[in-house]
Structure formats: C-alpha cells, structure tokens
Amino acid sequence: MTSYLLRGVSVLGAEPTDLLIRDGVIASGPATGADIIDAAGLVALPGLVDLHTHLREPGREDAETVETGSRAAALGGYTAVFAMANTSPVADTAGVVEQVWRLGREAGLVDVQPIGAVTVGLAGKQLAELGAMATSAAGVRIFSDDGHCVADPRLMRRALEYVKAFDGIIAQHAEEPRLTEGAQMHEGEVSTRLGLTGWPAVAEEAIIARDVLLAEHVGSRLHICHVSTAGSVEVLRQAKARGVRVTAEVTPHHLLLTDELAASYDPVYKVNPPLRTAKDVHALREALVEGVIDIVATDHAPHAVEDKECEWAYARPGMVGLETALPVVLSVLGERWDLIAERMSRTPARIAGLTGHGTDLAVGDPANLTLVDPSARRVVDPSELASRSRNTPYAGTTLPGRIVATFLRGEPTVLDGKAVK
Ligand SMILES: [Zn+2]
C-alpha cells in the first residue's frame, strides 16, 4: 500500500504542516518511501459525509448507478454517502439494501450506506421489514420514505417506536400531501404571478411540528430531510430547546437559490421541496451556522434527460448536487473550515453512527479526507460532471473551491482533481 506525504497542507485552515498517510491511517514518524504531494495552499478536511443521496440503482441505471454516483461523490470530496430507498425495486427488504451495499463495496470509491424504506413500496400503508434491514449485512440504521412523506401519524408513531430498540432514525420527507396536491413550485408571490399551483410552507412545517411531538412522545430519534422554510427553523428551534431528539438537514440549493428562478420555466430549477424565498434562504443560513440545522445534505437527485428537459409541469423534481455541494457551501459560509467540517462531515457521521469518518484527522485516524484548493474558481460545466445525469442548476455559474484529492482509508479516489478509477 502506497504511503503519501501531503507537504505543506493546512489541516482545517491551521498553519501549514506535513500530513503522512500510511497503512490507511494518519501516521507519524519518518516519511521514508512515501509519494510526496505538494499540498501548499490546500486545505485538508475530513472526508465529507452525505446523509441524502439518490443513486438510482437498482432500476434507473440510465440516470445514475452506484458506481457513477460514487465517483461523483469522491470528486465532490465525499468519503461516505447514504443511498435513499426510492429505487426500483424499493429498498424495503434486506435483499435490496444488501445489493446496494455490495455494489458500493465493489465500486470502492466511497462507503455507500443504504437507507431502508419505512413502508413497503414507499406506499405509506404498512411498515417495511425494518428489523431485517437493520440486522442485514448492510446494517441499516436510517429509514426514510424520501420522495414521499410518511403522512399517516399512526404509522409514523409505530416506525419511531420500532427503531427505538436499536437507536435507529426515521428520516422524514416533511410534506403534508393534502396540502401539496398538484403543486409546481413554492406558494407565494411568484407562483401567483406565474399562475402555477403552490406548495405552501405550512405543508412542511405542519409535518415537522407533528413529528417532533411524536418523537418526543415516543422518545425516539427523528431526522428532518431538506428543511426549506423559515417557519420550519422555528419549529425545530423550539423542539431542540425542549430536548427532543431531532436533527435536521438543509441542501446546498436551498441555501443559495430562490423561487424567482421558476420564472424562467427551466425545469432544472424544479425540486421538492421547492426553492423558497430570499427570507427563507436567510433563515436557513442562520440556522445552519447556529446549529438549529445540524448538517448539509445534498439530496443529489440525478434524472435522465427525458425526465428533465421537458415542460415544467411534466419534469421530475430534483437536482444533481454531489460535485458542487462544497463549492456552494463555501460560497455561502466562506472559509470557515471548522464549521464546514462540522456540518458536512463530523455531525453527519455522528448522527449516522458511522465510525472512521468525520474525524479530526489526528494520528491513528483512518485516512478519510479531502484536499481543497480554496483559491481556485470553477465555472460549472454539466458535460464535465461524473454523474450520469446533467441536471445541475449551476451550469455556467462560477463557484469557489476545487476538490484536488480525496482519500478513502488511505487510497486516493481523486488526484489532481480527477477520479483515479
Ligand atoms: Zn425528499
């Protein structure tokens, strides 16, 4: 196994130092025989961890595979991603989650951890085999019907009760379906002007309010996917102040983009939950800095061309995000490296109970890390993405920061900004 000496690297923005990677871990001592990487001007972060990725395999390999999504993740600085269950077939059995887990191991570019469905077929009628998925080789700890809300409160309560036994988590896509029927975008001034059916903020806030009460009642762990409104932040703030075991994520696009973009009718801006107002974006940024929102998660949602390059009303919601997440967060938070590591690596790893990721890069820690050039600027070119899909809202946008290298247990997955395999 090759050793690497990262010469002159800044670990989390600290003074430049040399970082030795040997036998898969951060090492000390002489660097005899190590390959030397000139890391002057580069910042080392613990490898990023994404709790919300759609890898599309099995079923929509034309949009993404575990391998292409893993490569996109590595290029984005990630060393672990959690694969959502809305595949075809749905990841609602031990067999399917083990298949996804095994495909991730075979690709070997990031640690792929499957998320199991809460309900059979994501249909919201009957609990899936949560226990069988938890005890499978994939060791599932997070369950979500993402794409759909677990709308039935009795089913949600039972799911929370079930996972409590093994400290599992229910990750909710908070959307009261009766309030979003036919919705095309955020309900507000812009939707009124465009004459499009709106997705009201209260449809998200009402479910979060209900579910934090259920989680409090049961004493279980709840995670809220892709929080998108200022009102949701207030519900979470109150719940956390009471000690409810709730965590929450925000996507890079909800930290940067607003519903005004829908006026272009370009379906690349169609996403669920929808882009909200500038006031919401402001509240989400503040909540992320404060920690009311715990983490950034991509909601990387690749779609085939025919599902995205069509009329707005028929386009599927979602954006690719793995390869642009860190640059977008850098543009929002600035070079606050410790905060970025906290929100994109340490806390997601801690929420998921994922050991070996999200470390402080101390001697002896597994060498799961990424090297970023903060001075670089990049114009996003969809044709250069490693994802099999091209539905990025940032085409032609200049973003700060370039991921130069990524290491998974001491093996480079990305060098010189290019995937190693
Ligand atoms: Zn979702």
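Everything numeric in this text was worked out from a predicted model, so none of it was measured.

*Asks:* Just to check I follow, could you spell out the packing of aromatic side chains for this structure?
*Replies:* Each pair of aromatic rings is reported with the distance of its centres and the angle of its planes. According to the stated counting rule, one finds 2 aromatic pairs in the structure shown. Geometrically, the ring pair formed by Phe143 and Phe166 is edge-to-face, given 6.2 Å between the ring centres and 70° between the ring planes. Within this pair, whereas Phe143 is found in strand E9 (residues 142-143), its partner Phe166 is found in the loop between helix H4 (153-164) and strand E10 (169-172), the two being separated by 23 residues in sequence. Taking the relative accessible area as the measure of exposure, Phe143 reaches 0% and is therefore buried.

*Asks:* Got a minute to help me understand the coordination of the zinc ion in this structure?
*Replies:* Geometry reference: four tetrahedral donors at a metal, ideal angle 109.5 degrees. Six octahedral donors, ideal angles 90 or 180 degrees. Within the protein, Asp146 (OD), His173 (ND1) and His226 (NE2) serve as the donor atoms for the zinc ion, at 1.9 to 2.3 Å. Taken in chain order, the donor set of the zinc ion reads D-x26-H-x52-H. Taken together, the residues span a long stretch of sequence, with Asp146 in the loop between E9 and H4 and His173 in the loop between E10 and strand E11 (185-186) at a distance of 27 residues. You can call Asp146 buried: its relative accessible area is 3%. Since its relative accessible area comes to 2%, His173 is described here as buried.

*Asks:* I keep staring at the domain arrangement of the protein and nothing clicks. Help me out?
*Replies:* Many authors give the size of an interface as the accessible area that is lost as the parts come together. In terms of domain boundaries, the protein breaks down into domain 1 (4-43 + 364-419) and domain 2 (47-352). Just the C-alpha atoms count here: the centres of domain 1 and domain 2 sit 26 Å apart. For the domain 1 and domain 2 pair, buried surface summed over both sides reaches about 3,000 Å², with 66% attributable to carbon and sulfur atoms. Together, Arg388, Asn391 and Tyr394 form the three largest contributors to the area buried by domain 1 at its contact with domain 2, with a combined 22%. Connecting domain 1 to domain 2 are 1 salt bridge. There are 14 residue pairs in polar contact (both at pLDDT 80 or more) connecting domain 1 and domain 2. Taken together, the elements giving at least two residues each to the side of domain 1 that touches domain 2 come down to strand E16 (369-379), strand E17 (398-408), strand E18 (411-415) and strand E19 (418-419). Sorting elements by how many residues they give to the side of domain 1 that touches domain 2 places E17 first, with 7 residues.

*Asks:* Even after reading the chapter, I still don't get the pattern of salt bridges, so can you show me in this structure?
*Replies:* Should their charged atoms come close, side chains of opposite charge can pair. Using the criterion set out here, one finds 21 salt bridges in the structure. One salt bridge connects Arg178 with Glu181, and the closest N-O pair in it is separated by 3.1 Å. A relative accessible area of 66% means that Arg178 is categorised as exposed. Take Glu181: its relative accessible area is 53%, and that puts it in the exposed class. Among the salt bridges present, the one from Arg350 reaches Glu342, with a minimum N-O distance of 3.4 Å. Members of the salt-bridge network, linked through shared partners, are Asp338, Glu342, Arg346, Arg350 and Asp360.

*Asks:* Would you take a moment to explain the environment of Gln184 for this structure?
*Replies:* Along the chain, the position of Gln184 falls in the loop between E10 and E11. Residue Gln184 is classed as buried on the basis of its relative accessible area, which comes to 18%. With 128 residues separating them along the chain, Gln184 and Trp312 place their C-alpha atoms 8.0 Å apart. Not counting chain neighbours up to four residues away, the residues in contact with Gln184 comprise Leu196, Thr197, Lys270, Trp312 and Ala313.

*Asks:* Would you mind showing me how to read the pairing of E17 here?
*Replies:* With respect to burial, E17 is a largely interior element, 9 of its 11 residues being buried. When E16 meets E17, the two strands line up antiparallel, connected through 8 bridges. Bridge pairing in E17 places Val379 opposite Thr398. Examined bridge by bridge, E17 and E18 share 3 bridges and lie antiparallel to one another.

*Asks:* I'm lost on the sheet that holds strand E6 (residues 48-53) in this one. Help?
*Replies:* The strands making up a sheet associate through backbone hydrogen bonding, with each pair oriented either parallel or antiparallel. Reading across from one edge, E6-E7-E8 is the order of the 3 strands in this open sheet, with parallel pairing throughout. At either margin of the open sheet sits one strand with a lone partner, and together these are E6 and strand E8 (111-114). Direction aside, neighbouring strands of the sheet carry axes that sit 20° apart on average. The pairing of E6 with strand E7 (residues 78-83) spans 4 bridges and is classified as parallel. Across the sheet, the residue bridging to Thr53 is Ala83, located in E7. Docked against the sheet, helix H2 (residues 94-107) engages E7 and E8, running at close to 175° with respect to E8.

Conventions used here
- Residues numbered from 1 in each chain as written.
- Predicted model: local features only at pLDDT ≥ 70, side-chain atom pairs only at ≥ 80, totals over all residues.
- Heavy atoms only, no water.
- Phe/Tyr/Trp six-rings, centres within 6.5 Å; stacked < 30°, edge-to-face > 60°.
- Helix = DSSP H or I, 4+ residues; strand = E, 2+ residues; numbered from the N terminus.
- Buried < 20%, exposed > 50% of the residue type's maximum accessible area, 1.4 Å probe, protein only.
- Donors = N, O, S within 2.8 Å, 3.2 Å for Na, K, Ca; no water.
- Domains from an automatic or database assignment.
- Buried area = accessible area lost by both parts, 1.4 Å probe.
- Salt bridge = Lys/Arg side-chain N within 4 Å of Asp/Glu carboxyl O.
- Polar contact = N/O pair within 3.5 Å; in protein donor to acceptor, adjacent residues only side chain to side chain.
- Contact = heavy atoms within 4.5 Å.
- Pairing = 2+ DSSP bridges.
- Axes fitted to C-alpha atoms, helices over the stretch in contact; angles between N-to-C directions.

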